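Chain by chain, the residues run as shown.
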Amino acid sequence: MNDSQGTGPDASGPRSAAGKIPTRGPEGPPGPEPSAAGRGAPETLRVGSPQDILAFVPHCLGFGPQESLVLLGLRGSRLGATLRLDLPDASYAAEDGGSGDFGLVCAYTARISSLLAGDDETDGVLMVMYTDLPWQEGTPPPYSGVVELLTEDLAENGIRLRDGWLVGQGIWRDYFCGDSGCCPWPGNPLGDVMESRLNAELVYRGSAYASSLQDTVGGAGRFRNDDLDAAVDSVSQRMLGLWTRPGKFGPVLEAWDRRIRSMPQPNSPGSPVRGSSGTLRADRQAEDDALLLASLAVKPVRDTVLVLAALGMETALEGSGLWLGGEAGPVSGRSAQAGVLFRAVLIGNSRLSPDWDRLDRAYGAFSELALMAGGEQAAALLTLLGWIEWARGRSSRAELYLSGALGEEPGYRLAVLLRELLRRGELPKWSQSPETAWRGAPVL
């Protein structure tokens, strides 16, 4: 599994001049470049030490990595894409590549190089390896053979591995320094990272992250109750065969649109949604929840809700007509064009960037509803959340959501299809360009 996150901050390696990481004020996460979004110039945070880099990584990802390789792409002194991948299993950790399949190691490093080379401006990389494998004094670091091969692959793409660190067993140390004079053994306590100036600044600005990847995904059905289940069944019976009919389909989408637009912009889209600890919005009506949950059992509605979240009401409603065969209304030439975009967005075959503000709000709406859902409705919501994480370029989170969906409803078709895309390493076209990729909220 891997997570790639397009970002636009400035940073520098610890041995060069202090870099800068743009952030925004407390109103919300970074968005597109000011020229695209019409916003003012972002604030900046400066990076001046290895501790600052190590503090930045979990805030950027939204969780503390474990047995992971994290690579921060650099465009000169500017930080580009952040990529997190699971480390190969321990059989590959030896200096010579270990006892594992050499072909798989080659494919692993080639994939990393290909992803980072997708940004033409990336010319350097900073590496952070998170592992609890032991590193004995006087011996090569864990996965040194893999890193050597990765360094060669990156160089062939014009990218230099500028520096790297290892984090594990409560310490951090320079990955490439074996001199005990400047890099005392066994390393530096992780408390140094927590006490870094940048970490203090990020926490002050409201940034937080989960202790592990698994903790970023809340359990579905936490607030499920019999009354709501009965209400969902009642709506399903009343609307049987009517969901996509004229006069019904539009109002259902409007209900979804209201829910999405009513969500506050989260401090960090990768963090649990506010209220997920048990406090639900006081103004929520059970019948609204029942309508939205019941509609998820209808696949055309479910798929249209995704496009609605990504591109807005107009495109979703017009584009859905092509896939419904005119059932929800007449199909015009404009609808046919919207229908092509509708499908392209669903499968990630579009370079058009989603409306990231809407999609972040939809993440919150889907997360809240998942707390009250079970069975097919929970599978649908977890799949929608998995799709959003895939759209963001964060495959590890997507995999967890999709696994949860299949746990609720084994064989759930959309989850199976998306999981296949993940296993093939496919990401949406928009995630492969710094101009259109999700920027996340690493510092708010």
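Everything quoted here is computed from the prediction, not taken from an experiment. Along every chain, residues carry numbers that run from 1 in the direction the sequence is written. Only residues with pLDDT of at least 70 are given local features in this predicted model, and only at 80 or more are side-chain atom pairs given and counted; all residues enter the totals for whole chains, interfaces and linings. Only hydrogens and water are removed before side-chain values are computed, so all heavy atoms of the structure are retained for them.

Consecutive side chains of a regular strand alternate in pointing toward one face of the sheet and then the other. The cut-offs for exposure are 20% and 50% of the maximum accessible area for each residue type, with area from a 1.4 Å probe on protein chains only; residues under the lower value are buried, those over the upper are exposed, and the others partly exposed. Secondary structure is summarised from DSSP: a helix means a run of H or I of at least four residues, a strand means a run of E of at least two, and numbering begins at the N terminus for each. Extensive coverage of strand β6 (residues 124-130) is indicated by the burial of 7 of its 7 residues. Burial of β6 is two-sided: the residues G124, L126, V128 and Y130 facing one way and the residues V125, M127 and M129 facing the other way are all buried. Both strand β4 (residues 68-75) and β6 contribute to a ladder of 7 bridges, which runs antiparallel. When the bridges of β6 are listed, L69 appears paired with M129. Between any two strands, at least two bridges found by DSSP are needed for them to pair. Where β6 meets strand β7 (residues 160-168), 7 bridges bridge the pair, whose relative direction is parallel. By the bridge assignment for β7, V125 is matched with L161. Regarding topology, helix α4 (residues 144-156) serves as the crossover connection from β6 to the parallel β7, and that connection is right-handed. Clockwise travel from the first strand over the helix to the second, with the strands pointing away from the viewer, marks a crossover as right-handed.

The relative placement of two packed helices comes down to the angle between their axes together with the axis-to-axis distance. For helices, the axis comes from a line fit to the C-alpha atoms of the stretch in contact; other axes are also lines fit to C-alpha atoms, and the angle between any two N-to-C directions lies between 0 and 180 degrees. Contact pair helix α14 (residues 375-392) / helix α15 (residues 395-408): the axes reach a minimum separation of 8 Å and the direction vectors enclose 165°. As far as their axial angle goes, α15 and α14 are roughly antiparallel. Once α14 is placed against α15, the crossing between them reads as left-handed. Here α14 contributes G375, A378, A379, L382, T383, L385, G386, E389 and W390 to the contact with α15, which in turn contributes R397, A398, Y401, L402, G404, A405 and E408. Put simply, angles under 35 degrees are roughly parallel, angles over 145 are roughly antiparallel, angles from 65 to 115 are roughly perpendicular, and the rest are oblique. Here is the rule for handedness: rotate from the far helix to the near one, and if that takes an anticlockwise turn smaller than a right angle the crossing is left-handed, while a clockwise turn gives right-handed. Whether two residues touch is decided by their heavy atoms; if any such pair falls within 4.5 Å, the residues are in contact.

Further remarks concern the nonpolar core. Throughout this description, the term nonpolar core refers to a set of buried Ala, Val, Leu, Ile, Met, Phe, Trp, Tyr and Cys residues connected via side-chain atoms within 4.5 Å. In terms of nonpolar packing, the biggest core is built from 65 residues, with W256, F366, L381 and W387 touching the most fellow members. The element that contributes the greatest number of residues to this core is α14, accounting for 11 residues. Leave out the neighbours within four places in its chain, and W387 touches L306, A310, V345, L346, L359, L418 and W430.

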